[in-house]
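Spelled out from the first residue to the last, the chains are:
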Amino acid sequence: MSAAELYTKYTRVWIPDPDEVWRSAEIIKDYKEGDKSLQLKLEDETLYEYPINLQGNELPFLRNPDILVGQNDLTALSYLHEPAVLHNLKVRFLESNHIYTYCGIVLVAINPYEQLPIYEQDVIYAYSGQNMGDMDPHIFAVAEEAYKQMARDEKNQSIIVSGESGAGKTVSAKYAMRFFATVGGSASETNIEAKVLASSPIMEAIGNAKTTRNDNSSRFGKYIQIGFDKEYHIIGANMRTYLLEKSRVVFQAEDERNYHIFYQLCASSSLPEFKELGLTCAEDFFYTSQGGDTSIDGVDDADDFEKTRHAFTLLGVKESHQMTIFRIIAAILHLGNLEIQGERDGEACSVSGEDEHLSSFCSLLGVEQSQMQHWLCHRKLVTTAETYVKSMTLHQVVNARNALAKHIYAQLFSWIVQHVNKALHSTVGQHSFIGVLDIYGFETFEVNSFEQFCINYANEKLQQQFNSHVFKLEQEEYMKEGIPWTLIDFYDNQPCIDLIEAKLGILDLLDEECKVPKGTDQNWVQKLYDRHAASQHFQKPRMSNTSFIVLHFADKVEYQSEGFLEKNRDTVYEEQINILKASKYQMVADLFQEEGAVPAAALRKGTPRIKVRSASPAFKAANKEHRKTVGHQFRNSLQLLMETLNATTPHYVRCIKPNDEKLPFKFDPKRAVQQLRACGVLETIRISAAGFPSRWSYPDFFDRYRVLMNKRDLSKNDKKQICQTLLEDLIKDPDKFQFGRTKIFFRAGQVAYLEKLRADKFRAATIMIQKTVRGWLQRAKYQRLRRATLALQRYARGHLARRLYENLRRTRAAIILQKQYRMVRMRRAFLRVRNATITIQAFARGMFVRRIYRQMLMEHKATILQKFARGWLARVRLRRARAAAVVLQCHWRRLQARRQLKALRIEARSAQHLKKLNIGMENKVVQLQRKVDEQNKENKLLNEQLSMLTSAHSSEVEKLKKELQEYQQSQRGEGNQLLSLQEEMERLRMELERAHGEREVMEDSHGKERDLLRKRISDLEEENTLLKQEKEELNSRILCQSEDEFARNTVEENIQLKKELEEDRSRYQNLIKEYASLEQRYDRLMDEITIIKQTPGHRRNPSNQSSLESDSNNPSICTSEIGDTEDVIQQVEEIGMEKAAMDMTLFLKLQKRVRELELERKKLQTQLEKKEQESKKSQVVETKTEATSEHEDFAYNSLKRQELESENKKLKNELNELRKAIADHATQNNSSNNVQDSYNLLLNQLKSANEELEVRKEEVLILRSQIMKAAQQKETGKNMERISSSAGWPSSDRPIDQEDAIEAYQGVCETNRKTEDWGYLNEDGELGLAYQGLKQVARLLEEQLQNQRREHEEEMEALKNQVDSMQEELEKQQQALLQTLQLSPEVQVELGLQQEITRLTNENLDLKELLEKLENNEKKLKKQLKIYMKKVQDFEASQTVVPVERRSHKRNMQVAVQRKEKDFQGMLEYYKEDEPLLIRNLITDLKPQAVSATVPCLPAYILFMCIRHADYINDDQKVHSLLTSTINGIKKVLKKHHDDFEMTSFWLANTCRLLHCLKQYSGEEAFMTQNTAKQNEHCLKNFDLTEYRQVLGHLSIQNYQQLINIAEGILQPMIVSAVLENESIQGLSSVKPMGYRKYSSNSGEGDNSYSLDEMIRQLNSFHSIMCDQGLDPEIIQQVFKQLFYMINAVALNNLLLRKDVCSWSTGMQLRFNISQLEEWLRGKNLQQSGAAQTLEPLIQAAQLLQLKKKTSEDAEAICSLCTSLTTQQIVKILNLYTPVNEFEERVTVAFIRNIQKQLQERNDPPQLLLDFKHMFPVLFPFNPSAITMDSIHLPASLNLDFLNKV
């Protein structure tokens, strides 16, 4: 687009302004190329002419459309420049009161100088788990992004907080640490997160001070590393400090203070424990009173001191150490008040021994007063010859005293930091960390010294790292989307850094000058002038020789050199330090130990060493000459910091100070622009603007700009193609946009241009509509007026015509009179003028002619003179020039000739010249000689050939002559053979013709084959081109993928595999538990079967039969596998060896086949082991019926074995045939090496498969022999005795007591002696039928057990194989990646293509085989289902009541028949030892599906009937034990299924029903009002269970809370997308606000969007589950009231924190979604639950978004309507409200102020967000049951046969 298209009338621009930095104006005249100025109109309606530099063509910056103003992300602006950034920040800060704004990856934080309610716990929870960019900018969003990237990428993170003093750095870092402490709380009881937060008051007390810019300014930099474990809980922290401002201890500027700890200690000096410190108020001490006022408004130093002491205690600092710290601080104050008296004209000085401050200083530090008094005024000088003491001047003593004070405080500061780190240190291994860097920003004052130089040096390093990181992120985004990447030029401050830290840089020269004995600041500055005068970043001031200027990235700073050397040396006299080392207080002495020296006490305790990297380390007195300077130490610590930051993923927070007066919500543009330039925000903008800053996804772009598309394009289905077509038509320059994979990238200004086109389209449509409507209205009005006008005109025209006639008549008469009069008068005047004019003309013309004549004569004479003079001059010049030229040419030619002659003489004399001449001749002679030799050789060779040919020709001629003679002789002698020769000749001619015919046929066939081959070649070429295209596409796709992305995907896949493995392990443990319970049930049933048998002895365990029956129901695996092999062989025969050998499919299938054979071998091995175990256990005598079953088992095993052998033989034959066929084809096509290699590979695979088959055959033979052995053992077992003497049942794995076995044996023998048939036990054969039924049940259960065990083993084996294969594949991929990276790009592409094809082939084969297995498994399961259904039906039909009486306490076991009860009393009896079984079957192992078809809450009724029986027999221990076990069992189930809604709801319903039963049958009249007479008879008689009712009530509350937590956990991820983002009303997407820029952290995540229908389906699921399980309706209503409150809270909180959803369209969409939820409540009859009322705040928020917001009447309507919203919520929504298009106006600040004024009377809570975790108190109303206890039936599926009805 040209400038003429952009700078048109009504376009708004930004122009510079001295006061406001930038000012908005509007163009009133179109700009044209070449115009020197631009006509503008300012906002105050004044006109302004803006000059334009034509050479630079510097036009003013364009202003963004109003719809883009106020964006959350500055990079989302279409025009990216300084005025747009400044205006957007100003609008957000002043109008919307938003202090946070994104600028790409940077969070810009403006200090509001006011406490805002946006940091509560609810806000932390609202931002936790959200993606950065989904919600409004916030420091919590940056912290959450860092926490999420640490957990996802397993990489350390850093949050870099920077800004100048007073910008809010410390507060931002504090809130970030609070977020981490809340989200990543420690898992242990150490409460480490509280300690991390407690370190802030301590560091603020000892490191913060009041300055002119900030009341709580950090005077040091710190980097806090918060450590996390593998579960990402906080385990500890570590702190590094940088460049403490020690000079503040001894000097403060006007209106500034010393560090807070001094004033806090003075404010608390009246406490009893501080009396010995000798402190008074802060005004009495020199070190605390230099700045003037010692207090801060709104700050209580005494209260802050209590917080500091509490923090010390929380961090484990002992009371004695605390007192020592306070003693040292008080001593520093006393040191500052020493009175130093000068002597001998100032050459010496002294300190009075009676000075109370000196004595206080020495007593507080525990040092000798006389020594300190002496060495404060003297110093020791050491020379080679002697050592002597010298007095110091007054100035030197004051400097030494101040240096000592600074050194003591610095050492104390380092000690405190070290002990804070010790308290925060953790012994648990740190898995990862997040670092928070709170460091000073760029500083420039009127006087800049060494501290400012170090601060600005650190900011240079940080800015370099920031620029490179931003550049890297932009590059990764472009590469990810496939956008061509062009290098963006960004500011590189490496030259400035080299100026400071390089060799012989500023710091090096400073250190060098410090080593000089008499080095001065002036000498150092002079060296800087001499060394760096030519540097582009260094300047010398014009008016000073003691300062220098450094051009930093942010600004030009002038540094005064005074004090640089002294501050860099940081000199403290050794004698004073030695006195402090000798202190009687151990802690004071330890402070001044040499660096690296560890006290003995610390070594004995074994305390872990914490490395504290401070910019001011401990003093080395022993070798002070070689001690590192402050600058050197700071450079090293800064280098270490940069290494740490480069090893982490950085996140940036830039704090901005809006004004210097510290006024709330006041914005100074000048100050803001200075800081934006200094902190790198504008550099980020510049880098973004240099590329493609505006990015739209294809659906969003389509929805936004579909109005610009024509109907033909909209009919297409491909939105991406439609967008491409539209942009190519609208924007002619292809460089202005790029199409990525998922987004469209625009240059700066293109989105604004599209918005202008869209607005023009809307404006044209609006004008068209207005024109039509107004035209229709005007036509109707015109027709009415026309009819009225015609009537009036008809009457008026007649009257007017008559009046006109009279007027015309009179007018004509007057005109005639006037004409005659005027004619006479004008004629006379004309004649007078004519005569005068002629006279004047005559005289004038004569004068003019004479004047012209004289002039012509003069010019003619002058021309003649000039002609002769000019000719003479020209000839003179020509002669002079010609003579000069000839002279010059002669001299020049002579000079050239002499030079050439001299050169030729020298060249002729040189031997080289002769050589050059001879070289050509020699070469020619050599070539000619060589050519002559070659021609001679060739001539000789030709002569030899000619002689040979001549001799051969002569010999041939002689031979032919001889043959001719012989032929003539034979012709004469054999004339009779001519006829035969002619016949032979005819025959040969016929054969020749036949051969010619066959040849033509062969040629035709050859031609056809050639055509076919050509066609096939063409097809192959087409296929080759397609493959090449696919290869190029894959190449482009592979090139777009980066190494980091591949590694990250691999790590994520490994994590997913580990998670799946853990889930499989948990499922395996659950299966083991179920197996154990079923096995115990099976053992008990087998016991009962053995007891009720007629004949003595024991039945064997029919495991073989059942297992074989289950096996017989399963289709054979070998059959399908052999079919696969036959298909492969057929494929080989059809395609041929050449294609089959190259087909990887056959190879992979054979590999798969070998693996499956291995699995089948393992299965057979396991079956064999089972049979061996069963044969060892089978040592009993079998009856005749059992013998027949054994014969059947043996026959079945034999058939199975024969089938397996036949299948193996068949498979082996087929494999041999396949190998033979492949070998034959390979021998036929042996021309290609690749084919031969592939054939060898397949042959090896076939050999391995054959070996596996041989092994399998041997295993089958082994199995056959084992089966035969088992049969022989069973035959021999028939002759054994029928009674087993063993004390355990053979059919059970549970051990049986020997006495019980003897008792059972005696009872059975007694029964056997009585009779030999079944009739004695039961006349009608009921016992036999029961036995048969139980036998079938036992077989069925055993079959299920074996199936479960087998399936589980198969599943585990498959999972292990899958994990192994995944690991192998991962290793292969890593190796391939390393190998690929070492190759060239072309080879990389080829390898990548081959690997991709192989991977896709493997996946395709696996999916095919999986599909086949699933189909086979489906058929097998259908068959098994039919068999099981038939067995169950037979079992239920044959089941009768089998009375089994439990054994009594007697020795004899008696078998009795239990008859059907005539009158059931609603009680269930059980034995005490069966109580665990009752709890297990009825609670622990019960599934809700098992009782789904019975009475709701059946377990509760059964438990109550058991309690009734215990009450009936008056057994209080039994009641207590049963209720206690029930409660514990329910708690255990709830704990086990803590995330299962169905199970939790099931036990909530049963717990409530049991509670209702205890109330209903308690006998209390209040609960018996609705009972029937029968129910009153069932009341409890002996016990009052009121206490247990209370316990069950508490359990019900816990159950209810768990149910709510599970439901909320399921619903919460759906709420935002379903309620706020889901587009239930189609067509609103085109009027949504403009999209926001997402970040790369969200790309790896999948699509988590939910629709409203999905959420309603989930609610339906909850409702149906609770209703089906019989939960009370009142509880169901309370559940949904709680859930709908949570929906309201989450949706409203998200709405209050997101600018993109606060629009008119979202309000309409939200209101529709809420109406759908209300309709669902009405459909479920839940309108009385109060759930709809909980949605009222959300409803009012939706209405607020849709209401008008302009006039005062609108404000009154909003205030009267939004009664459920607080004032802060209403104002927040109005501030966030975003127009959806340019025709809608923003909410003005005045309107918001009007709302606030009208809502002042409300007493709303200050909290902004709703507490979505709030839970309403639950009520369990009494709900009696109409079911009587005697009507309840116990289903057999519960396995409660041990319960007896009473």
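Bear in mind that the values here come from a model prediction, so they are computed numbers and not experimental data. (Residues numbered from 1 in each chain as written. Predicted model: local features only at pLDDT ≥ 70, side-chain atom pairs only at ≥ 80, totals over all residues. Heavy atoms only, no water.)

On to the overall build of the protein. Scanning the protein from N- to C-terminus turns up 54 helices and 26 strands. In the protein, buried positions account for 43% of the 1846 residues. The long-range share in the protein, meaning contacts at least 24 apart out of those at least 6 apart in sequence, stands at 75%. Surface summary for the protein: the accessible area is close to 102000 Å², and the carbon and sulfur share equals 53%. (Helix = DSSP H or I, 4+ residues; strand = E, 2+ residues; numbered from the N terminus. Buried < 20%, exposed > 50% of the residue type's maximum accessible area, 1.4 Å probe, protein only. Contact = heavy atoms within 4.5 Å. Areas by Shrake-Rupley, 256 points an atom, 1.4 Å probe, with all protein chains shown as cover.)

Another point: unusual backbone geometry. Phi is positive for Asn-97, close to 55°, though the residue is something other than glycine. Examined against the element boundaries, Asn-97 turns out to sit in the loop between helix H2 (82-95) and strand S6 (100-103). Of note, the phi angle at Asp-255 is positive, near 65°, even though the residue is not glycine. In this fold, Asp-255 is placed in the loop between strand S12 (234-242) and helix H7 (260-267). Relative accessible area serves as the criterion here: at 39%, Asp-255 is assigned to the partly exposed category.

Attention now moves to the sheet that holds strand S19 (residues 547-551). If you walk across this open sheet you meet the three strands as S18-S19-S20, and the pairing is antiparallel. The open sheet is flanked by strand S18 (538-539) and strand S20 (556-560), the only strands paired with a single partner. In the sheet, S19 pairs with S20 via five bridges, with the strands oriented antiparallel. Residue pairing in the sheet places Phe-548 in a bridge with Tyr-559 of S20. (Pairing = 2+ DSSP bridges.)

Moving on to the pairing of strand S2 (residues 21-27). Among the seven residues of S2, five are classified as buried, and the element is accordingly described as predominantly covered. Here strand S1 (residues 12-17) hands over to S2 after three residues, the two strands then running antiparallel side by side.

Together, Ile-769, Val-773, Trp-776 and Leu-777 make up a nonpolar patch on the protein surface, roughly 430 Å² of accessible area in all. As for its position among the elements, Ile-769 is in helix H28 (residues 750-909). Assessed through its relative accessible area of 56%, Ile-769 is described here as exposed. (Patch = residues over 30% accessible without salt bridge, like charges linked within 9 Å, V, L, I, M, F, W, Y side chains within 5 Å. Salt bridge = Lys/Arg side-chain N within 4 Å of Asp/Glu carboxyl O.)

In the predicted model, the protein carries a mean pLDDT of 77, and the fraction of residues at 70 or more is 76%. Taken as a whole, residues 1440-1462 scores under 50 in pLDDT and shows 26 contacts with residues more than four places along the chain or in a different chain. (pLDDT = per-residue confidence, 0-100.)

Okay, the pairing of S12 next. Burial within S12 is extensive, with nine of its nine residues counted as buried. Relative to S12, strand S11 (residues 221-228) runs antiparallel, the two sharing eight bridges. Paired with Ile-224 across the two strands is Met-239, which belongs to S12. Hairpin connection, S11 to S12: the antiparallel pair is bridged by five residues, and Tyr-232 has positive phi, about 60°.

On to H28, then. For H28, built from 160 residues, the straight-helix expectation of 238 Å at 1.5 Å per residue is missed by more than 12%, its first-to-last C-alpha distance being only 77 Å. Bending of H28 peaks at approximately 30° at the position of Gln-793. Within H28, the full set of buried residues consists of Gln-750, Val-751, Ala-752, Tyr-753, Leu-754, Glu-755, Arg-758, Ala-759 and Val-876. (Expected span 1.5 Å × (residues − 1). Bend = angle between axes of the 7 residues up to and from the residue.)

Within the largest apolar cluster, 321 residues are counted, with the highest numbers of intra-cluster contacts made by Phe-180 and Phe-548. Those residues within four positions of Phe-180 in sequence are excluded, and the remaining contacts are Ala-143, Ala-146, Tyr-147, Ile-159, Gly-185, Ile-226, Phe-228, Ile-234, Ile-434 and Val-436. If you look at the next biggest cluster of nonpolar residues, it comprises 18 residues, including Met-709, Cys-723, Leu-726 and Tyr-753. (Core = buried A, V, L, I, M, F, W, Y, C linked by side-chain atoms within 4.5 Å.)

With the rule as written, the count across this model stands at 33 salt bridges. When the shortest N-O distance is used, the salt bridge between Arg-219 and Glu-245 registers 2.5 Å. Here the residue Arg-219 occupies a position in the loop between strand S10 (217-218) and S11, and Glu-245 occupies one in the loop between S12 and H7, the gap between them amounting to 26 residues. A salt bridge links Asp-660 to Lys-657; its shortest N-O distance comes to 4.0 Å. Overall, the relative accessible area of 36% leaves Asp-660 in the partly exposed class. Salt bridges sharing partners connect three or more residues here, namely Glu-164, Lys-657, Asp-660 and Arg-671.

A few words now on the side chain of Gln-1602. Tracing the chain through its elements places Gln-1602 in helix H46 (residues 1586-1621). Not counting residues up to four positions away in its chain, the partners in contact with Gln-1602 are Leu-1534, His-1537, His-1538 and Thr-1544.

A separate point is the sheet that holds strand S21 (residues 649-656). The seven strands are arranged S6-S7-S21-S8-S17-S11-S12 in an open sheet whose pairing can be described as mixed. Each having just a single partner strand, S6 and S12 make up the two edges of the open sheet. For this sheet, the mean inter-axis angle between neighbouring strands, taken without regard to orientation, is 20°. Pairing of S6 with strand S7 (residues 106-110) involves four bridges; the strand directions are antiparallel. (Axes fitted to C-alpha atoms, helices over the stretch in contact; angles between N-to-C directions.)

Before going further, it helps to spend a moment on a positive patch on the surface. A cluster of basic side chains, namely Arg-875, Arg-877, Arg-879, Arg-880 and Arg-882, defines a positive patch on the protein surface. Looking at the secondary structure, you find Arg-879 in helix H28. In this structure Arg-879 comes out as exposed when scored by relative accessible area, which is 51%. (Lys, Arg positive; Asp, Glu negative; His and termini not counted. Charge placed at Lys NZ, Arg CZ, Asp CG, Glu CD.)

Turning our attention to the packing of helix H14 (residues 450-481) against helix H22 (residues 630-646). The contact between H14 and H22 brings their axes to 11 Å, and the two run at 20°. Overall, the two elements H14 and H22 adopt an arrangement that is roughly parallel. Here the hand of the crossing between H14 and H22 comes out right-handed. In this structure, H14 contributes Phe-450, Cys-454, Tyr-457, Ala-458, Lys-461, Leu-462 and Gln-465 to the contact, and H22 contributes Val-630, Gly-631, Phe-634, Arg-635, Leu-638, Gln-639, Met-642, Leu-645 and Asn-646. Residue composition of the contact of H14 with H22, by class: 10 nonpolar, four polar and two charged. (Parallel < 35°, antiparallel > 145°, perpendicular 65-115°, else oblique. Left-handed = near helix turned anticlockwise from the far one by under 90°. Nonpolar A, V, L, I, M, F, W, Y, C, P; charged D, E, K, R; others polar.)

So, on to a negative patch on the surface. On the surface, Glu-283, Asp-284, Asp-293 and Asp-297 cluster together into a patch of negative charge. Note on placement: Asp-297 falls in the loop between helix H8 (286-289) and helix H9 (301-314).

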